[in-house]
Amino acid sequence: MRIAHAELRWVRMPLVAPFRTSFGTSYDRDTIVLRMVTDEGAEGWAECGAEIDPLYSEEWLDGVDLVLRDHLLPRLVALGDEVTAARVKPALEPVKRHFMAKHLLETAVLDAELKSARMPFATYLGSVRERVPAGVSVGIMDAHADLLAAVAGYLDAGYVRIKLKIEPGWDIEPVRLVRKEFGDIQLQVDANTAYTLMDAQHLARLDEFGLLLIEQPLREDDLRGHAELARLIRTPVCLDESITSARDAATAIAMRACSVINVKPSRVGGYLEARRIHDVAAANGIPVWCGGMLETGIGRAPNLALAALPGFVLPGDTSASARYYTQDITAPFELDADGCIAVPGGPGIGVDVLNEVLAGFTDRVVPLSV
Ligand SMILES: CSCC[C@@H](NC(=O)CCC(=O)O)C(=O)O
Ligand SMILES: [Mg+2]
C-alpha cells in the first residue's frame, strides 16, 4: 500500500490528578498522535509514548516530531506502493535508535494494513484471551494517608495489582503501610532508575513484603549492576527502560539481570519488536507484562491486544481510561466485575477515534509530506 496522507497532531490532555515518579511530576499528558491514510483510503492511527521532556528516556516529543519528519518518514515514503508493517523496521534501520518515533510509524502502518485486511491487532499478534486483568500504577504522594486512600480507591475499583512508584525516601515505609493496610494483594514497585548498587542492602529490606517484582531499580544502561543486585535481593528484578529490543532482552536474560520484563511497544519501536521480546522471554521461561506510558485509548487499545498474548502472565499497567482522563479520545476503557478489560475486537486497533474530542485536545496539526 502507499501512504497518501499523514499528519501529526500535538495533543495535551489534563490528568485527573498529578502523577509523580522518581523523575518528575506530570499534570497533563502531552503526546503526538499520528494519523495516516493509505491510497486505499484506510486510516491508521498511532500514539507516541515519548514524554514532553527527555527524562524517562533519551527521546522527547520535539525530537520525535523532528526525526520523524526529517529522517524516518522519507525512508518510508521511498517504499512507494510497497509499504507494509513488516517493511517499516528494515526501511528505518539506518537511523539509530529513536524507537518511540519508529513505533509511531510502524503502528500507524500496521493499523491501516489490518483495517484493510479487516483483522484485529489481537488476531494478528496471536492473542489468546478476550480480556486481560488490569493493574494500576500509583504515583509518589505527599503523605502516606493520600497513598492509602488512593490504593483503597483502586482496589475498590477492582484493580487486581497495585504498582507503587518509589524513590529514595519514599520506599520501605509506603510499601510497609500498604502491605499492612491491604494484606496480601498483588503488589510491586517501580523505581525508574532511582537507585544504585550502593542501595542494595536498603532495597533488600523490601524482601519481607513479598513483592511481585521491583522494576528498574538501577540506571537503564546498568545490566551488570542489575545482575549483581538480583544476587543480593530476593524480590524479582524486572527491567523496563533497559530493554529496547529483543536483543536487549536476550542479553539481560543471559546475564540474569532480570527475571521479569515490562514490555512497552513504544519503548521498543513497535508491536512487532514487542512480540519478539515476548517470544524471547517465553523461550527462556521469563514472564512479561504490558507496561504503559499513560496512553489514551489510541495507544491503550493495541496494548490490550499485546497484553493478551500467552506470555503476558502478569497484570499490566493497562488501566481504565478513567485512571488518567475524565474524557478519553476513544470510547473509555473500563474494568469489568473481575478487574479485567476487554481486548478490542474491531479491525486494526479496534476502536474509533472521537474526532471532535481529539480536536478539542489538539494544540496543533503538522501536515507531513508523503
Ligand atoms: C510518566 S511515567 C511513565 C513510565 C512508567 N509508566 C507507568 O508507571 C504506568 C503508566 C500507565 O499506567 O500507563 C513506567 O516506568 O512504567
Ligand atoms: Mg517502569
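Residues numbered from 1 in each chain as written. Chains lettered and ligands numbered in written order. Predicted model: local features only at pLDDT ≥ 70, side-chain atom pairs only at ≥ 80, totals over all residues. Heavy atoms only, no water.

The following threshold applies: UniProt positions are given in the numbering used here, feature names are shortened, and annotations may be inferred rather than shown by experiment.
Going by an unreviewed UniProt entry, the protein chain carries the name o-succinylbenzoate synthase and comes from Nostocoides vanveenii. What UniProt records for the protein chain under Cofactor (unreviewed entry) is the sentence "a divalent metal cation".

Digging into the coordination of the magnesium ion (ligand 2)
We count it as follows: Think of the donor list as every N, O and S atom within 2.8 Å of the metal, or within 3.2 Å for Na, K and Ca; water never makes the list, so a site can look incomplete. Segments assigned H or I by DSSP are reported as helices when at least four residues long, segments assigned E as strands when at least two residues long, and all are numbered from the N terminus. Burial classes follow relative accessibility: with a 1.4 Å probe on protein chains only, a residue under 20% of its type's maximum area counts as buried, one over 50% as exposed, and anything between as partly exposed.
In the first shell of the magnesium ion (ligand 2), the protein supplies D190 (OD), E215 (OE) and D240 (OD), at 2.1 to 2.3 Å from the metal. On the primary sequence, the residues serving as donors to the magnesium ion (ligand 2) are separated as D-x24-E-x24-D. Here D190, found in strand β7 (residues 186-190), pairs with D240, found in the loop between β9 (237-239) and α9 (246-254); they are 50 residues apart in sequence, far enough to count as distant. No difference in accessibility class separates D190 from D240, as the two residues are buried.

A word on the sheet that holds strand β2 (residues 24-38)
We count it as follows: For two strands to pair, DSSP has to find at least two bridges joining them. Between N-to-C directions, angles span 0 to 180 degrees; the directions come from axes that are lines fitted to C-alpha atoms, helices contributing only their stretch in contact. Note on contacts: a residue pair is in contact if any heavy atoms of the two residues lie within 4.5 Å.
Taken in spatial order, the four strands make up an open sheet running β3-β2-β1-β13, and their pairing is antiparallel. Each edge of the open sheet carries a strand with a single partner, namely β3 (43-47) and β13 (362-368). In this sheet, neighbouring strand axes are inclined to one another by 20° on average, regardless of whether the strands run parallel or antiparallel. Alignment of β2 against β3, held across five bridges, turns out to be antiparallel. Across the sheet, the residue bridging to V33 is E47, located in β3. This element, helix α3 (residues 99-117), spans β1 (3-21), β2 and β3 of the sheet and lies at about 145° to β3.

So, the domain arrangement of the protein chain
Heads up, the rule is: The start and end points of each domain follow an automatic or database-based domain assignment. Accessible area that two parts lose when put together, with a 1.4 Å probe and added across both, is what the buried area reports. A 3.5 Å cut-off defines polar contacts: any pair of N or O atoms within that distance qualifies, except that in protein one atom must be a possible hydrogen donor and the other a possible acceptor, and neighbouring residues in sequence count only when both atoms are side-chain atoms.
The domains assigned to the protein chain are domain 1 (3-118 + 352-368) and domain 2 (122-342). Measuring from the centre of the C-alpha atoms in domain 1 to the corresponding centre in domain 2 gives 23 Å. Listed per partner, the contact involves 35 residues of domain 1 and 43 residues of domain 2. In total, domain 1 and domain 2 occlude about 3300 Å² of area from one another, counting both sides; carbon and sulfur atoms represent 66% of this. Sorting the residues of domain 1 by area buried against domain 2 places F19, R20 and Y56 first, and these three jointly supply 21% of that buried surface. For the pair domain 1 and domain 2, the number of links is 14 residue pairs in polar contact (both at pLDDT 80 or more).

Concerning the site of ligand 1
Stated precisely, the cut-off is as follows: Any residue with a heavy atom lying within 4 Å of a molecule or strand is counted as near it. To measure how exposed things are, a 1.4 Å probe is used in the Shrake-Rupley method; for residues, cover is taken only from the protein chains shown.
Around ligand 1, the structure places 19 residues, and the nearest of them are S137, K163, N192, L294 and Y324. At 3.3 Å from an oxygen atom of ligand 1 is found a side-chain nitrogen or oxygen belonging to E215. Expressed as a share of its isolated accessible area of 440 Å², the protein-covered part of ligand 1 is 100%. Put simply, the parts of the chain that give the shell around ligand 1 at least two residues each are β1 and β6 (161-165). Each of two domains, domain 1 (3-118 + 352-368) and domain 2 (122-342), supplies a minimum of three residues to the shell around ligand 1.

Structural notes on the side chain of D207
Counted only if it meets this: The charged-residue count follows a simple rule in which Lys and Arg add positive charge and Asp and Glu add negative charge, with His and chain termini not counted at all. Think of a salt bridge as a Lys or Arg side-chain nitrogen and an Asp or Glu carboxyl oxygen that are within 4 Å of each other.
With respect to the helices, strands and loops of the structure, D207 is situated in the loop between α7 (200-203) and β8 (214-215). R234 provides the closest opposite charge to the buried, salt-bridge-free D207, at an N-O distance of 4.3 Å. In terms of polar contacts, D207 uses its side chain to reach the side chain of T235, at 2.7 Å.

With respect to helix α8 (residues 223-232)
Within α8 the residues assigned to the buried category are L223, G225, H226, A227 and L229. Looking at the buried residues of α8, the elements they touch are α7, β9 and α9.

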